[in-house]
Amino acid sequence: MVSADMAAAVAHLLQGGLVAMPTETVYGLAADAENPEAIKKIYAAKQRPADHPLIVHIAPEADLTYWARNIPSAARQLVEAFWPGPLTLILPKAHHISDHVTGGQPTIGLRCPSHPVARELIARFAQARPGGQGGLAAPSANKFGQVSPTTADHVRHEFPELADQALLILDGGPSQVGIESTIVDVSMPKAGTPTVLRPGHITVAQIESVLGRPVLSGVQSASPRVSGSLKAHYAPRTVLRVLSRQALRAWLASHAKDGAEKVAAVVFAPFEDACPPTVRLYRCPDNPDDYGRNLYAMLRDLDQQNYDMLLVEQPPQGPAWSAVNDRLGRAAAAFIPSQDAG
Ligand code: TXA
Ligand code: MG
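Because the structure is a prediction, the values reported are computed rather than measured. Within every chain, residues take consecutive numbers counted from 1 along the sequence as written. For this description, chains carry letters from A and ligands carry numbers from 1, given in the order in which they are written. Confidence filtering applies because this is a predicted model: local features only for residues at pLDDT of at least 70, side-chain atom pairs given and counted only at 80 or more, and all residues used for totals across whole chains, interfaces and linings. Hydrogens and waters are ignored; side-chain quantities use all the structure's heavy atoms.

Q: What is the right way to look at the nonpolar core in this model?
A: What tends to happen in soluble globular proteins is that the nonpolar side chains get buried as a cluster. Residues enter a nonpolar core if they are buried and are Ala, Val, Leu, Ile, Met, Phe, Trp, Tyr or Cys, with the set joined through side-chain atoms within 4.5 Å. Under the scheme applied here, a residue whose accessible area is under 20% of the maximum for its type counts as buried, over 50% as exposed, and between as partly exposed, the area being computed with a 1.4 Å probe on protein chains only. In terms of nonpolar packing, the biggest core is built from 49 residues, with L89, L110 and I207 touching the most fellow members. The residues touching L110, leaving out its near neighbours within four places in the chain, are I55, V56, I58, L64, W67, A68, W83, L87, T88, L89 and L91. Core analysis: the next-biggest nonpolar cluster, separate from the first, contains 25 residues, C284, Y296, A323 and A332 among them. Contacts were defined at the residue level, with two residues in contact if any of their heavy atoms lie within 4.5 Å.

Structure (structure tokens):
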């Protein structure tokens, strides 16, 4: 795989190839949303089940009615308020949109990213593509269930098996939001009420304020409609546990002498008591935006260091922390027996 310039990336997409696209949330593994053979390459590279739908990334001026139908006024209001930006809308798909990109769902996920490199890529691809509207299907550029990438290097590390020319990577620097987009279902399955399927940087409160009414949130589905909603997802390879500060301190105290395990403890502030020699403390940011921006890079970094276990101090519970808590909870759930194996 090689680092690409914009013209090469557009040409590669037109030929049905894969391009790693930087976005403000995380890097995406992009392909022509209207080319079933290109879509198959995404599923193969990610080792993702074929019934997990992909988000289609479009330009701000794209015609929503090309991709979706029965677009409610709530969707228009959210587009107006938050696009381009880290918000994905789930809408009934237009009849001609293929099941390949929607994973067989009657709905489609649409997002308009704000990252300048993503915007330029989508705009140039849309202009160059003969027929169709030039949307890019792009899941996060990681193997299924693993930590999402927030730098071009993360993507390189994630797909070592993709030969030169199979995957072109556009380097857009580190993702500024760092956590995947907020997903709002406006296909109105629940008596006309929009539902937040995945929390993100755009909060429930912001969405409610734009719509002027309450929305549903945190609805867990047993089916894999939102793979990021599996209880276990976004997981590092090293065992990860999230503990209250009190439980973390007690754990450290009980391992102070016999600490045979090499442990990384991610904390908001150091402890006054002595730390076992095999435990390394890492300070994490104390505000949710910085925490979210750094979370996946931190997990990837710690994963490289051969710890036996990662212990993370539980962040505060307020709504501003809900996306961070959601991702940490799912990362930890991967190591609890009997959870979904996302
Ligand atoms: O920030 C993001 O959303 C990133 C960047 C690359 O845009 N993309 C991303 O894609 O996180 P992915 O595939 O890793 O997660 C998208 C989630 C999946 O859990 C998928 O199931 C859900 O969106 N999704 C997509 N289309 C859907 C649909 N029609 N109905 C319900 N969920 C859908
Ligand atoms: Mg993902």
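Q: How should the sheet that holds strand 12 (residues 239-243) be read in this particular structure?
A: Pairing between the strands of a sheet is mediated by backbone hydrogen bonds and can be parallel or antiparallel. Spatially, the 4 strands line up as an open sheet ordered 12-15-13-14, and their pairing is parallel. Single-partner strands in this sheet number two, and they are strand 12 and strand 14 (279-283). Across the sheet, the mean angle separating the axes of adjacent strands is 20° when strand polarity is ignored. What makes two strands pair is DSSP finding at least two bridges between them. Helix and strand definitions follow DSSP, with helices as H or I runs of at least four residues and strands as E runs of at least two, each counted in order from the N terminus. For strand 12 and strand 15 (residues 309-313), the ladder comprises 5 bridges, and the chain directions are parallel. In the sheet register, L240 faces strand 15, and the bridge partner there is L310. Where helices are involved, their axes are fitted lines through C-alpha atoms of the stretch in contact, as for all axes, and angles between N-to-C directions lie from 0 to 180°. Packed on one face of the sheet, helix 11 (residues 322-333) meets strand 12 and strand 15 and runs near 130° to strand 12.

Q: What should I look at first to understand the layout of surface pockets in this one?
A: By rolling a water-sized probe across the atoms, one finds the places where empty space is left. The method works on a 1 Å grid over the protein atoms by themselves. A cavity is a set of points holding a 1.4 Å probe that cannot get out, a pocket is an open set with protein on both sides within 12 Å along at least five of seven lines, and residues with an atom within 4 Å of a point line them. Grid points are joined across faces, edges and corners, and a volume is the space filled by probe spheres set on the points. Looking at the largest pocket, its volume works out to about 220 Å³. In terms of lining, the largest pocket is formed by 16 residues, of which the most central are G200, H201, P288, D289 and A320. At the level of secondary structure, the elements contributing two or more residues to the lining of the largest pocket comprise helix 10 (288-303) and helix 11. Of all the elements, helix 10 adds the most residues to the lining of the largest pocket, at 4 residues. Any residue that is not Ala, Val, Leu, Ile, Met, Phe, Trp, Tyr, Cys, Pro, Asp, Glu, Lys or Arg is counted as polar, Gly included; the first ten are nonpolar and the last four charged. Classifying every residue of the lining of the largest pocket by side-chain character gives 7 nonpolar, 7 polar and 2 charged.

Q: Can you walk me through the packing of helix 4 (residues 73-82) against helix 8 (residues 204-211) in this structure?
A: How two helices sit against one another is set out by the angle between their axes and by the gap between those axes. At their nearest, the axes of helix 4 and helix 8 sit 10 Å apart, and the two run at 115° to each other. Viewed along their axes, helix 4 and helix 8 form a crossing whose handedness is right-handed. Side by side, helix 4 and helix 8 meet where A74, Q77, L78, A81 and F82 of the first sit next to Q206, I207, V210 and L211 of the second. For the contact of helix 4 with helix 8, the residue count by class is 7 nonpolar, 2 polar and no charged. With the far helix as reference, a near helix turned anticlockwise by less than a right angle produces a left-handed crossing, and one turned clockwise produces a right-handed crossing.

Q: Please explain the confidence of the model for the chain as it appears in this structure.
A: Residues with a pLDDT of 70 or more make up 91% of the chain, whose mean pLDDT is 91. Confidence scores here are pLDDT values: one per residue, from the predictor, ranging 0 to 100. The model gives residues 220-224 a pLDDT under 50, and that stretch makes 5 contacts with residues more than four places away or in other chains.

Q: Just checking my understanding: could you explain the state of the cysteines for this structure?
A: What is meant by a disulfide is a covalent connection between two cysteines, made through their sulfur atoms. Two cysteine sulfur atoms form a disulfide, by the criterion used here, when they sit within 2.5 Å. Here the structure, examined in full by the defined rule, presents 0 disulfides. Its sulfur unpaired, C275 is 14 Å from the next cysteine sulfur, which belongs to C284.

Q: Can you help me understand the environment of D99 in this one?
A: Along the polypeptide, D99 turns up in helix 5 (residues 99-102). Given a relative accessible area of 47%, D99 falls into the partly exposed group. C-alpha of D99 to C-alpha of P53: the two residues are 46 residues apart in sequence and 8.8 Å apart in space. Beyond its immediate chain neighbours, meaning those up to four positions away, D99 contacts K93, G104 and Q105.

Q: Can you walk me through helix 1 (residues 6-14) in this structure?
A: For an α-helix, the turn length of 3.6 residues means that residues three or four places apart are oriented alike. Restricting attention to buried positions, one finds in helix 1 the residues M6, A9, V10, H12 and L13. Down the axis of helix 1, the buried side of the element spans an arc of 160°, and every buried residue falls inside it. Buried residues along helix 1 sit in contact with strand 2 (18-21), strand 3 (28-32), helix 6 (116-128), strand 7 (136-137) and strand 8 (167-169). The positive-phi residue at the C-terminal boundary of helix 1 is G16, with phi of around 85°. Each direction from the helix axis to a C-beta atom contributes to the arc, which is the arc of those directions.

Q: Sorry, what's going on with the packing of aromatic side chains here?
A: When we look at a pair of aromatic rings, we describe it by the centre distance and by the angle of the planes. Pairing of aromatic rings covers Phe, Tyr and the six-membered ring of Trp, with a centre-to-centre limit of 6.5 Å; geometry is then stacked below 30 degrees between planes, edge-to-face above 60, and tilted otherwise. Tallied over the entire structure, the rule returns 5 aromatic pairs. Ring geometry for Y66 and W67: centres 5.1 Å apart, planes at 85°, overall edge-to-face. Ring plane angle 80° and centroid distance 5.5 Å describe the contact between Y291 and W321, whose orientation is recorded as edge-to-face. Of this pair, Y291 sits in helix 10 while W321 is found in the loop between strand 15 and helix 11, placing the two residues 30 residues apart along the sequence. Judged by relative accessible area, Y291 falls into the buried class, the value being 1%. W321 sits in the buried class, given a relative accessible area of 7%.

Q: Just to check I follow, could you spell out the pattern of salt bridges for this structure?
A: Side chains that differ in sign of charge can pair as their charged atoms come close. We define a salt bridge as a contact between a side-chain nitrogen of Lys or Arg and a carboxyl oxygen of Asp or Glu at a distance within 4 Å. Applying the stated rule across the entire model yields 12 salt bridges. In the salt-bridge network here, residues are joined through shared partners; they are E180, D326, R327 and R330.

Q: Would you mind showing me how to read unusual backbone geometry here?
A: The phi torsion of most residues other than glycine is negative, and most of the peptide bonds are trans. Across the junction of W83 and P84, the peptide omega takes the value -10°, indicating a cis bond. Mapped onto the secondary structure, P84 falls in the loop between helix 4 and strand 5 (87-92). The backbone phi angle of Q47 is positive, close to 55°, even though this residue is not glycine. Residue position: Q47 is located in the loop between helix 2 (36-46) and strand 4 (55-57). In this structure, N306 is a non-glycine residue whose phi angle is positive, near 55°. Note on placement: N306 falls in the loop between helix 10 and strand 15. With a relative accessible area of 62%, N306 lands in the exposed category.

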